[in-house]
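Take a look at the letters that make up each chain.
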Amino acid sequence: MCRHFSADIQELHIGDDLDMVIAEYEKAPLYGFSTVSKYFNTACRGIVKGQFSCYSFPSGTGKTTMGISTLVESCCKEIYDTKSNSWIDNPSYSSNGGLYIQFELAPKWELSPKFLSAITKVPTNHILNGSYEFDERDRVEKGKQILLESNIHTVLMPSFTLASVNQIIEEYVLIHKVDFVVFDYLSEQSNLSREIAKSNGGVSTRSDQVLATLSSGLKDLAVKFDIAMLTFTQTNANIDNQDILDMSCISGARSIANKLDVGCIIAPLKPKEYKVAEEVINVGQERGFNRPKPNRIIHCYKIRFGSEQQGIKIWGHLNLGTGEWTDCFVTDRKNNMYSMNQTRL
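Residues numbered from 1 in each chain as written. Predicted model: local features only at pLDDT ≥ 70, side-chain atom pairs only at ≥ 80, totals over all residues. Heavy atoms only, no water.

Colleague: Please set out the side chain of Thr322 residue by residue, giving values where relevant.
Modeller: Structurally, Thr322 can be placed in the loop between strand S10 (313-318) and strand S11 (325-331). Within the local environment of Thr322, its side chain forms a polar contact with the backbone nitrogen of Glu324, the two atoms lying 3.3 Å apart. Beyond its immediate sequence surroundings of up to four residues, Thr322 is in contact with Thr65, Ser69, Ser117, Ala118, Lys121, Val122 and Pro123. (Helix = DSSP H or I, 4+ residues; strand = E, 2+ residues; numbered from the N terminus. Polar contact = N/O pair within 3.5 Å; in protein donor to acceptor, adjacent residues only side chain to side chain. Contact = heavy atoms within 4.5 Å.)

Colleague: Got a sec to walk through the packing of helix H7 (residues 162-176) against helix H9 (residues 207-225)? Specific residues and values, please.
Modeller: It is at 11 Å that the axes of H7 and H9 come closest, and there the two elements cross at 20°. Between H7 and H9, the angle is such that the two are roughly parallel. As H7 packs across H9, the resulting crossing turns out to be right-handed. Along the contact surface, H7 presents Leu162, Val165, Asn166, Ile169, Glu170 and Val173, while H9 presents Thr213, Leu214, Gly217, Leu218, Leu221, Lys224 and Phe225. Grouping the amino acids of the contact of H7 with H9 by side-chain chemistry returns eight nonpolar, three polar and two charged. (Axes fitted to C-alpha atoms, helices over the stretch in contact; angles between N-to-C directions. Parallel < 35°, antiparallel > 145°, perpendicular 65-115°, else oblique. Left-handed = near helix turned anticlockwise from the far one by under 90°. Nonpolar A, V, L, I, M, F, W, Y, C, P; charged D, E, K, R; others polar.)

Colleague: Report on the nonpolar core, specifying residues and quantitative values.
Modeller: Among the nonpolar cores identified, the biggest contains 86 residues, and Phe40, Tyr55, Ile169 and Met229 are the most heavily contacted of them. The element contributing the most residues to this core is H9, with seven residues. Every residue in contact with Phe40, bar those within four places of it in the chain, is listed here: Thr35, Arg45, Tyr55, Val262, Cys264, Ile298, Cys300 and Ile314. Val276, Val280, Cys328 and Phe329 belong to the second largest nonpolar core, which has eight residues in total. (Core = buried A, V, L, I, M, F, W, Y, C linked by side-chain atoms within 4.5 Å. Buried < 20%, exposed > 50% of the residue type's maximum accessible area, 1.4 Å probe, protein only.)

Colleague: I'd like to hear about the packing of helix H8 (residues 190-199) against H9, residue by residue, with values.
Modeller: Between H8 and H9, whose axes approach to 10 Å, the crossing angle comes to 85°. Taken together, the axes of H8 and H9 lie roughly perpendicular to each other. Between H8 and H9, the contacting residues are Leu192, Ser193 and Ile196 on the first element and Val210, Thr213 and Leu214 on the second. Looking at side-chain class alone, the contact of H8 with H9 contains four nonpolar, two polar and no charged residues.

Colleague: Explain the packing of aromatic side chains residue by residue, including any values.
Modeller: Throughout the structure, instances matching the rule amount to ten aromatic pairs. Aromatic side chains Phe103 and Phe160 sit 5.7 Å apart centroid to centroid with 45° between the ring planes, which places their arrangement in the tilted category. One end of the pair, Phe103, is in the loop between strand S4 (98-102) and helix H4 (107-120); the other, Phe160, is in the loop between strand S5 (152-156) and H7, with 57 residues separating them in the sequence. Note on accessibility: Phe103 and Phe160 belong to one class, buried. Centroid distance Trp315 to Phe329: 4.9 Å. Interplanar angle 25°. Geometry classified as stacked. Within this pair, whereas Trp315 is found in strand S10, its partner Phe329 is found in strand S11, the two being separated by 14 residues in sequence. Neither residue differs from the other here; Trp315 and Phe329 are each classed as buried. Members of the aromatic cluster, connected to one another through ring pairs, are Phe40, Tyr55, Phe57 and Phe232. Geometry around Tyr31 places Arg45 over its ring, the cationic atom sitting 5.2 Å from the centre. Over the face of the ring belonging to Trp87 we find Lys142, whose NZ or CZ atom lies 5.7 Å from the ring centre. (Phe/Tyr/Trp six-rings, centres within 6.5 Å; stacked < 30°, edge-to-face > 60°. Lys NZ or Arg CZ within 6 Å of the ring centre and 35° of its normal.)

Colleague: Any details on the pairing of strand S6 (residues 180-184)? Residues and values, ideally.
Modeller: In terms of burial, S6 is a largely internal element, five of the five residues being buried. Burial of S6 is two-sided: the residues Phe180, Val182 and Asp184 facing one way and the residues Val181 and Phe183 facing the other way are all buried.

Colleague: Please set out unusual backbone geometry residue by residue, giving values where relevant.
Modeller: In this structure, Tyr185 follows Asp184 across a cis peptide bond, with omega equal to 15°. The residue Tyr185 is located in the loop between S6 and H8 in this model. Phi at Asn335 takes a positive value of approximately 75°, unusual for a residue other than glycine. Positionally, Asn335 belongs in the segment after S11. Judged by relative accessible area, Asn335 falls into the partly exposed class, the value being 22%.

Spelled out as structure tokens, the structure:
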């Protein structure tokens, strides 16, 4: 029989090579690069090569800050530890190299200070003001040297298309051995819209279709180059009206979530959630626990290879000045306490 299939089809008799699969996972369980949260690492196995993760934020609540911190978490050999107030070997260092693609911030003057802040835990505004406290200036000097020795790159692409993103990623994978890409963020751009319309025979394409195509394209690139791919979106007005935050809160197109391996909404607490946090903290203090007060929740709405309950909420504190995340506790989607282990990757 003559088949006329595309070249990317793979066929397998189930059972073939299972001995190899079992042995490989016993040797190296399926985990990826570390997220900023050890609870989130447990829930989603980290940011795995060949997989596509998307975090959605309300505007101005830490999207870029968390993206940079996540890349630093895996790509820098040393980081400043605020618990010991000293430089330590980074236990999560595991990436050959990272690439940060974005289309808004000037790489040298606006983006690089954020990377410096993430590794040194010196607030970004101190760096931008050129005014430091205590040992911050020395930390900045050491952090600068570590970043110079790290394999982290950034590309500013104000007029990107899927073709140009493919070309840039291929170049950095082949030349710089990059295996972790952060794309900040999913947005409709005129060049991208024209590219997609042209591929559809010149038919005008709706905004939601453009975003869905971009999401699908980034997933394809993660698989093609065997890289971990993390991106972001903004959220829509549903975030203010719903108690349970899920893909319906994604700005532009909920279909973005179709290709995701990991999807979450990261947002400030609502009044009801502040009350829950206060109760948990008070109970903890009575039992001798000193939990920090959370100011963000990771609402996990899609985890393809997770073993935890879908819809869990990871409560934590995000320092917007440095990008440092501190885990607080976990609940289910209805704010009942949820017990789970932390995983350091």
